[in-house]
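# Residue-level structural notes
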Amino acid sequence: MTDHQVRKVVIVGGGTSGWMTAAALAKLLPGRARIHLVESEAIGIVGVGEATLPHIRAFNERLGIAEADFMSWTRATFKLGIEFRDWGRIGDSYVHPFGTFGRGLGDVDFHHYWTRLASAGVAVPPLEQFSMACTMARENRFALPSTDPRELASTFGYAYQFDALLFAPYLRAIAEGLGARRTEGRVVAVDRDGDSGDIRAITLEGGERIEGDLFVDCSGFRSLLLGEALGEPFEDWSRWLPADRAVAMPCRTGTAVTPYTSAIGMPAGWRWRIPLQHRTGNGYVYASAFVSDDEAAAAIRAAAEGEPIAEPRLLRFRAGRRARSWVNNCVAVGLASGFLEPLESTSIYLVQAAITALVELFPDGSDARSDRDEFNRLIDMEYDRIRDFLILHYHATTRSDTPFWDYVRTMPIPDTLADKIDLFRRRGRVVKYREGVFLDASWIAVYTGQGIMPEGYDPRADLPSLDSLARGTETLRADILRSAAQAPDHLAFINGYCPMRQAA
Ligand SMILES: Cc1cc2nc3c(=O)[nH]c(=O)nc-3n(C[C@H](O)[C@H](O)[C@H](O)COP(=O)(O)OP(=O)(O)OC[C@H]3O[C@@H](n4cnc5c(N)ncnc54)[C@H](O)[C@@H]3O)c2cc1C
């Protein structure tokens, strides 16, 4: 990238990534550069992506979005975590909560005490029973967390489940209100500078040429600028994450509007269940090497709990990411930069992480190379960490009922993940992070939920007497039950707080 000020940003693509980028740049860097977004209604957006992580709340807050208004426009529900069914073994169920397990004493996390009790032969309930988020989720209750750190009701967080087709238009109104410009049209050519390789302009089907200083590629899986025009290679991770297709089919809600997403193991992958206010999203994520498209579509029809409201829709993808997400004067955000299956609802989080890094490192006309390197380091770290976390779900299974589960159970895993598992198994310790997503409770939930039990624990957990520890955990469990019981039914809370807007 040549060292010059960025006066105009061109965003290609108007899906969730494109409009999140436009709204964030317009809001957080006002007057810094003109923002021009190009999208093609004929091509459309991927239109799935309904479950999120708690980080989205900070993003919305920075944009000044009022929660109840946003939820009612996007017909959203609350999400306290993800329920995993049939993963470790058929019949198993555990919740990955947004929040902590129990309360630590001093510097020692609660699960170390729990492990000590279990290894001393004390009958302790499963770890999830010491989580407010899990307990509320299992009882189908929701209330906003307390801001008083002394209360148990402060030990959980939450995210949203929303209609993906309504989120981008909601952000578009914000971005356009802040001055972002939109052009409808299909990009057919990309003009690059012969010397620097920078993108100079894009050309639309009708011949219109749009110049810019910085180009943000939000064109989805086709990665029009970074992948096609700049030729940045794709690192393929399908040997670890073999799912390469999904068949999505929304249906009417037949049972509870749960405050959590479900991920349910299937013969060649897993299926999601995401309850919204007006419907339930379903989809089967599968490896096409192990099941045909027709079989997958039949399986999702059979599994959906209510009357279908659309035909099954096929989506193709490949796990992995571009080697670099920022090259020359082109930054890829969202699917144009890479994709990891939606098992832990991480794609919109990755969009947000890229936008945050772009805002922080927005070109200032100097030292652009080190800015780009730092951006790429941050994005690589996010992808690599999520990749390992996803692989853990497949690797830590005892299922052997189909060739798919045999494959993922026995496949070689990255060394980075093998080391993490070893540390947890021996000492109950989770590799510490200072940046990025999925902190201790997330890893602990999946390890223990899928049968990787720690053999050791933090030596400081030996300090209290066994009796006092056993009594303390019993009291804690009773307090959590009492506190969770005070929260209203999830749907009742929504109806009072953010009932969906009816279509005009
Ligand atoms: C099966 C599946 C399930 C998912 N579930 C989740 C989930 O639960 N949670 C989550 O966080 N994420 C999920 N995702 C990912 C999520 O959908 C995406 O990260 C998110 O929607 C962002 O997509 P995008 O904006 O990058 O791309 P898209 O939505 O594909 O948008 C691409 C844009 O580029 C435009 N475009 C493309 N080519 C051109 C061209 N030549 N000219 C002009 N415009 C062009 C299109 O018109 C469109 O506006 C899921 C993805 C899949 C495939």
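Residues numbered from 1 in each chain as written. Predicted model: local features only at pLDDT ≥ 70, side-chain atom pairs only at ≥ 80, totals over all residues. Heavy atoms only, no water.

## Quick look at the overall build of the protein
Heads up, the rule is: Under the DSSP-based scheme used, a helix requires at least four consecutive residues in state H or I and a strand at least two consecutive residues in state E, with every element numbered from the N terminus. All radius of gyration figures rest on C-alpha atoms, and the globule criterion is 2.2 Å times the number of residues raised to 0.38. Between two residues, a contact is recorded if the distance between any of their heavy atoms is within 4.5 Å. Per-residue and other accessible areas follow the Shrake-Rupley method at a 1.4 Å probe size, with only the shown protein chains counted as cover for residues. Just so you know, the count uses Lys and Arg for positive and Asp and Glu for negative, and it drops His and the chain ends. By convention, the point assigned to a charge is CZ for Arg, NZ for Lys, CD for Glu and CG for Asp.
For the protein, the helix and strand inventory stands at 15 helices and 21 strands. The C-alpha atoms of the protein give 23 Å as radius of gyration, which agrees with the globular expectation for 504 residues (23 Å, within 12%). Contacts in the protein between residues far apart in sequence, at least 24 positions, make up 77% of those at least 6 positions apart. Surface summary for the protein: the accessible area is close to 20,300 Å², and the carbon and sulfur share equals 50%. Side chains of the protein give 56 positive and 65 negative charges; the mean places of these two sets differ by 1 Å.

## A closer look at the sheet that holds strand β14 (residues 261-266)
Quick note on the threshold: Two strands pair under a simple rule: DSSP has to find at least two bridges between them. Lines fitted to the C-alpha atoms define the axes, with helices restricted to the stretch that makes contact. Angles between their N-to-C directions range from 0 to 180 degrees.
Across the sheet, seven strands lie side by side as β5-β4-β14-β15-β16-β13-β17; this open sheet has mixed pairing. Both outer strands of the open sheet, β5 (93-97) and β17 (313-316), are each paired with one neighbouring strand and no more. Direction aside, the axes of adjacent strands within the sheet are offset by 20° on average. Two strands pair when backbone bridges link them, and strand β4 (residues 81-85) and β14 are joined in this way by four bridges, in the parallel orientation. Within β14, the residue paired with F84 across the bridge is A263.

## Points about the site of the ligand
The condition is simple: The nearness test applies per residue and asks whether one of its heavy atoms lies within 4 Å of the molecule or strand. Pairing of N or O atoms within 3.5 Å defines a polar contact, subject to two protein rules: one partner must be a possible hydrogen donor and the other a possible acceptor, and residues neighboring in sequence count only if both atoms are side-chain atoms. Under the scheme applied, nonpolar residues are Ala, Val, Leu, Ile, Met, Phe, Trp, Tyr, Cys and Pro; charged residues are Asp, Glu, Lys and Arg; polar residues are all the others, including Gly.
In the region of the ligand, 33 residues are neighbours, and S17, V48, A51, V187 and I348 sit closest. One of the backbone N or O atoms of T16 is found 3.3 Å from an oxygen atom in the ligand. One of the backbone nitrogen or oxygen atoms of S40 is found 2.9 Å away from an oxygen atom of the ligand. Out of a free accessible area of 1,000 Å², the ligand has 97% covered by protein chains. Residue assignment for the shell around the ligand shows that the elements contributing at least two residues are α1 (16-28) and α9 (347-360). Of the residues assigned to the shell around the ligand, the class counts are 15 nonpolar, 14 polar and four charged.

## A word on the domain arrangement of the protein
We apply this condition: Domain limits in this description derive from either an automatic procedure or a database domain assignment. Buried area: the accessible area, evaluated with a 1.4 Å probe, that two parts lose upon being put together, summed over both parts. Put simply, a salt bridge is a Lys or Arg side-chain nitrogen that is within 4 Å of an Asp or Glu carboxyl oxygen.
Examined at the domain level, the protein breaks down into domain 1 (7-49 + 163-235 + 318-385) and domain 2 (245-316). Computed over C-alpha atoms only, the centres of domain 1 and domain 2 are separated by 29 Å. The partner domain 2 presents 11 residues to the eight residues of domain 1 that form the contact. Summing both sides of the interface, domain 1 and domain 2 together bury roughly 730 Å²; the carbon and sulfur share of this comes to 62%. Between domain 1 and domain 2 we count one salt bridge in total.

## Quick notes on the sheet that holds strand β8 (residues 187-192)
Read from one edge to the other, the open sheet built from three strands follows the order β8-β9-β10, with strand pairing classed as antiparallel. The sheet terminates laterally at β8 and β10 (209-211), the two strands that pair on one side only. Strand after strand, the sheet turns through a mean of 25° between neighbouring axes, direction not considered.

## Observations regarding the packing of aromatic side chains
Put simply, the rule reads: Aromatic contacts are taken between Phe, Tyr and Trp rings whose centres are within 6.5 Å, Trp giving its six-membered ring; a plane angle under 30 degrees counts as stacked, one over 60 as edge-to-face, and the others as tilted. Exposure is judged per residue with a 1.4 Å probe applied to protein chains only, and the accessible area is read against the type maximum: over 50% gives exposed, under 20% gives buried, and values in between give partly exposed. Any Lys NZ or Arg CZ found within 6 Å of a ring centre and within 35 degrees of that ring's normal is scored as a charge over the ring.
Under the criterion given, the structure shown has 33 aromatic pairs. Taking the centre distance of 5.4 Å and the plane angle of 70° together, the rings of F78 and Y158 count as edge-to-face. Note that F78 is positioned in strand β3 (residues 77-79) and Y158 in the loop between α5 (132-138) and β6 (159-161), a separation of 80 residues in sequence. Look at Y158 and you get buried, because its relative accessible area is 4%. Its guanidinium or amino end placed over the ring of Y158, R57 lies 3.8 Å from that ring's centre, counting from NZ or CZ. Taking NZ or CZ as reference, R239 lies 3.9 Å from the ring centre of W240, over its face.

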